[in-house]
Amino acid sequence: MEVQSPVQVMGIDAGGTMTDTFFVRSDGRFVVGKAQSNPADESLAIFNSSQDALAHWQRGVDDVYPELLTCVYSGTAMLNRVVQRKGLEVGLIVNRGFEHVHSMGRAIQSYLGYALEERIHLNTHRYDEPLVPLARTRGVTERTDVQGEIVIPLREQEVRQAVRELVDAGSKALVIVLLQSHKNGTSERRARDVALDELKQLGAELPVFASVDYYPQRKESHRMNTTILEAYAAEPSRQTLRKVSERFHKHGAKFDLRVMATHGGTISWKAKELARTIVSGPIGGVIGSKLLGSALGYENIACSDIGGTSFDMALITKGNFTIASDPDMARLVLSLPLVAMDSVGAGAGSFVRLDPYSGSIKLGPDSAGYRVGTCWPESGLDTVTVSDCHVVLGYLNPDNFLGGAIKLDVNRARLHIKDQIADPLGLSIEEAAAGVIELLDLQLHEYLRSNVSAKGYNPTDFVCFSYGGAGPVHTYGYTEGLGFKDVIVPAWAAGFSAFGCACADFEYRYDKSVDLALPQAASDADKAQAAATIQQAWSELAGKVIEEFRINGFKAGDVILRPGYRMQYMGQLNDLEIDSPIASAGTAQDWDRIVEAFEDTYGRVYASSARSPELGFSVTGAIMRGMVITQKPVLPEDPEAGPTPPEDAKLGTRRLYRHKTWHEATLWKMEALKPGNTIAGPAIIESDATTFVVPLGFATTIDKHRLFHLKEVHQGDDA
């Protein structure tokens, strides 16, 4: 057997349907593994997926895990815990008189995620169950005003009383959020220390989360929700990650498990602020797209990711993605830096039903998850899914799903489609299934187009990356006619988010609200004072970042610090995140450079003519990122082999239904295709982890990096 170079990097994407693993050797070669997700034991699904991947190299988990230098996890378990309200019982301490703030939320939380027609009707609005009920909420006397002055000192006895009552009420963790603590954290820190002392006297070992230690930012509801999440969902998720880490070590692994964070970096599973990992899977794909784009020289990229449960998209413009500072997640407003993404609940596992009133086809938003569809006899499902339609139309090989680990039953899918969709609509089974696929493609096509256009861009300036387990099955459908510069499907599309996780920096990020406002013609003394205020915030945040790395065994000298800030023209509602052009600030010239970097970015995001310096400048937040150097995947480079595919790559033919006709599609084995090979539709390119459909009217060429470039060719009957 050939001597292989060691495996160095592993990425994990534990999704709702599949758990993907991605392994990279030191020579840049990589392999993708897939297994059905296991919500009861994620570590087992990761183990199974690892075995699936490493079998391609005739290697096993026990000899590869010890070689790994780094491993990054991403998943949706924490988000699911919040959605299903299956978190820890949390006790909440707030200012007296403000006990209802969390239950009330912000008005927007009553219609988040609604379609426009439901948003405009008040009677459809509803509030979800709060994460902390009123029965476990206590108010204590204290008031800090908007300037940060303590007007009413904290009544410590009331804190002790509240702690005793919350422990008696069954709380497993305590959260403390007092008004204006982002301006002056004295009272909140004191409440935290008093609470810890009282717990000690009670002999109760409960974690205490004070918002000032985690998210010292303005907007009370956002800050309260995020700190509660830290206790409610992040602590239980830490136990899941502990299990994953322990299974790795059981098989000889020496690395420290890292987790993808919402800001696009990775953090240790032992990190203090674990709520930052609430949505990590889709972000991996955006990071991978950025790395791939910079390697190929693409600045503008539309990232599109289709899994079993959702379609996620993000835009990279001028080589950068946008970070939202107060996003929403699971119908909660939060204070987390989050890579700006748009999601719609439509994926390959989406259920298909007829609307009982209009008779029209409705897709999702619920999904079969890891159970695929009725075509899998052991799924226990009897409602048709999009995957059932794929199988009936010949898009998927029923004997090669997950490399043959699951056998799909075409006739079973046909019967369910006939009963539930075809007969009621008076269509043939094929017409009904094709109608479902065309409807999904049209929805995704419009979603992608409107997301690019609504931000003021034109698809012709963008390259589209299509990935996710179900991405390559639908790429042609949702990109057709949009005019993208290029449409790219990576050979490792099924594990692309896991690949992106492996590409991400080991990076901690801390944010803090700052209130600074200066007119355009400020004096040098005022500018210097403003620069010094920003520096003070940077220094405080740098201490937190370095402390996180110290917990992971790094020295302060190993950490590369990258300061940033959020800024807007005075009076505007929205600010922009800017990477600082200077490492430290303290002079009037430093302030001028901070303003100049903001104006450059503003002109790029909106338009140069929209700049309004005469309004003055306002800094709303300070940001500090810290990173250490880690091993990353290298893009493969294979020698060109010409346009004709090798004969041994051909697997035969399969009938494929599209545009009311059965086509004889040539089957190709993805792994056997060589750089330069061109394949014209109708064709189906299969690998164990995904299926790439190239219908009539399309052709694809594979390049030296094993990326497929999909083109529309305007000849043939349905071009």
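Basis of the calculations
- Residues numbered from 1 in each chain as written.
- Predicted model: local features only at pLDDT ≥ 70, side-chain atom pairs only at ≥ 80, totals over all residues.
- Heavy atoms only, no water.
- UniProt positions renumbered as here; feature names shortened; annotations may be inferred.
- Helix = DSSP H or I, 4+ residues; strand = E, 2+ residues; numbered from the N terminus.
- Buried < 20%, exposed > 50% of the residue type's maximum accessible area, 1.4 Å probe, protein only.
- Phe/Tyr/Trp six-rings, centres within 6.5 Å; stacked < 30°, edge-to-face > 60°.
- Lys NZ or Arg CZ within 6 Å of the ring centre and 35° of its normal.
- Domains from an automatic or database assignment.
- Contact = heavy atoms within 4.5 Å.
- Buried area = accessible area lost by both parts, 1.4 Å probe.
- Salt bridge = Lys/Arg side-chain N within 4 Å of Asp/Glu carboxyl O.
- Polar contact = N/O pair within 3.5 Å; in protein donor to acceptor, adjacent residues only side chain to side chain.
- Nonpolar A, V, L, I, M, F, W, Y, C, P; charged D, E, K, R; others polar.

- The chain carries the name Acetone carboxylase beta subunit in an unreviewed UniProt entry, which gives Paraburkholderia silvatlantica as its organism.

**What about the UniProt feature "domain: Acetophenone carboxylase-like C-terminal" (unreviewed entry) in the chain?**
So, point 1. UniProt tags residues 522–713 as "domain: Acetophenone carboxylase-like C-terminal" (unreviewed entry).
So, point 2. Along residues 522–713, the helical share is 24% and the strand share 34%, with 60 Å between the first and last C-alpha atoms.

**Digging into unusual backbone geometry**
So, point 1. Its identity is not glycine, yet Gln58 carries a phi of approximately 50°, on the positive side.
So, point 2. Its place among the elements puts Gln58 in the loop between helix H1 (42–54) and helix H2 (61–64).
So, point 3. Residue classification places Gln58 among the exposed positions, given a relative accessible area of 57%.
So, point 4. Positive phi values are uncommon outside glycine, yet Lys219 reaches one of about 80°.
So, point 5. Examined against the element boundaries, Lys219 turns out to sit in the loop between helix H8 (211–214) and helix H9 (220–250).
So, point 6. For Lys219, a relative accessible area of 33% gives the class partly exposed.

**Observations regarding the packing of aromatic side chains**
So, point 1. Scanning the model with the defined rule gives 27 aromatic pairs in all.
So, point 2. With 5.2 Å between their ring centres and 70° between their planes, Phe22 and Phe499 make a pair best called edge-to-face. In this pair, Phe22 sits in strand E2 (residues 18–25) while Phe499 sits in helix H15 (residues 496–503), placing the two residues 477 residues apart along the sequence.
So, point 3. For Phe499, a relative accessible area of 3% translates into the label buried.
So, point 4. Taking the centre distance of 5.6 Å and the plane angle of 45° together, the rings of Phe209 and Tyr214 count as tilted.
So, point 5. Among the aromatic residues, those joined into a cluster by ring pairs are Phe22, Phe30, Tyr467, Trp492, Phe496 and Phe499.
So, point 6. Positioned over the ring face of Phe506 is Arg258, at 4.7 Å from the centre of the ring.
So, point 7. Here the guanidinium or amino end of Arg655 rests over the ring plane of Trp662, the centre of that ring lying 4.3 Å away.

**Topic: the domain arrangement of the chain**
So, point 1. If you check the domain split of the chain, you get domain 1 (88–230), domain 2 (350–439) and domain 3 (506–628).
So, point 2. Measuring from the centre of the C-alpha atoms in domain 1 to the corresponding centre in domain 3 gives 28 Å.
So, point 3. Each side of the interface is counted separately: domain 1 has 7 residues, and domain 3 has 7 residues.
So, point 4. In total, domain 1 and domain 3 occlude about 670 Å² of area from one another, counting both sides; carbon and sulfur atoms represent 33% of this.
So, point 5. Three residues stand out in domain 1 for area buried against domain 3, namely Pro216, Gln217 and Arg218, and they jointly supply 61% of the buried area on that side.
So, point 6. There are 2 salt bridges connecting domain 1 and domain 3.
So, point 7. Between Lys183 and Asp515 there is a salt bridge, and its shortest N-O distance comes to 3.0 Å.
So, point 8. Taken together, the connections running from domain 1 to domain 3 amount to 5 residue pairs in polar contact (both at pLDDT 80 or more).
So, point 9. A per-class count over the side of domain 1 that touches domain 3 returns 2 nonpolar, 2 polar and 3 charged.

**Looking at the pattern of salt bridges**
So, point 1. Applying the stated criterion to the full structure yields 41 salt bridges.
So, point 2. Note that Arg192 is salt-bridged to Asp213, the shortest N-O span being 2.8 Å. A residue pair is termed long-range when its members are at least 10 positions apart, and Arg192 in helix H7 (residues 186–202) and Asp213 in helix H8 qualify at 21 residues.
So, point 3. In this structure, Asp256 engages Lys270 in a salt bridge whose closest nitrogen and oxygen atoms are separated by 3.3 Å. Here Asp256, found in the loop between H9 and strand E11 (258–260), pairs with Lys270, found in the loop between strand E12 (266–268) and helix H10 (281–296); they are 14 residues apart in sequence, far enough to count as distant.
So, point 4. What makes Asp256 partly exposed here is its relative accessible area of 29%.
So, point 5. Members of the salt-bridge network, linked through shared partners, are Glu507, Arg509, Asp511, Arg562, Arg566, Asp575, Glu577 and Arg625.

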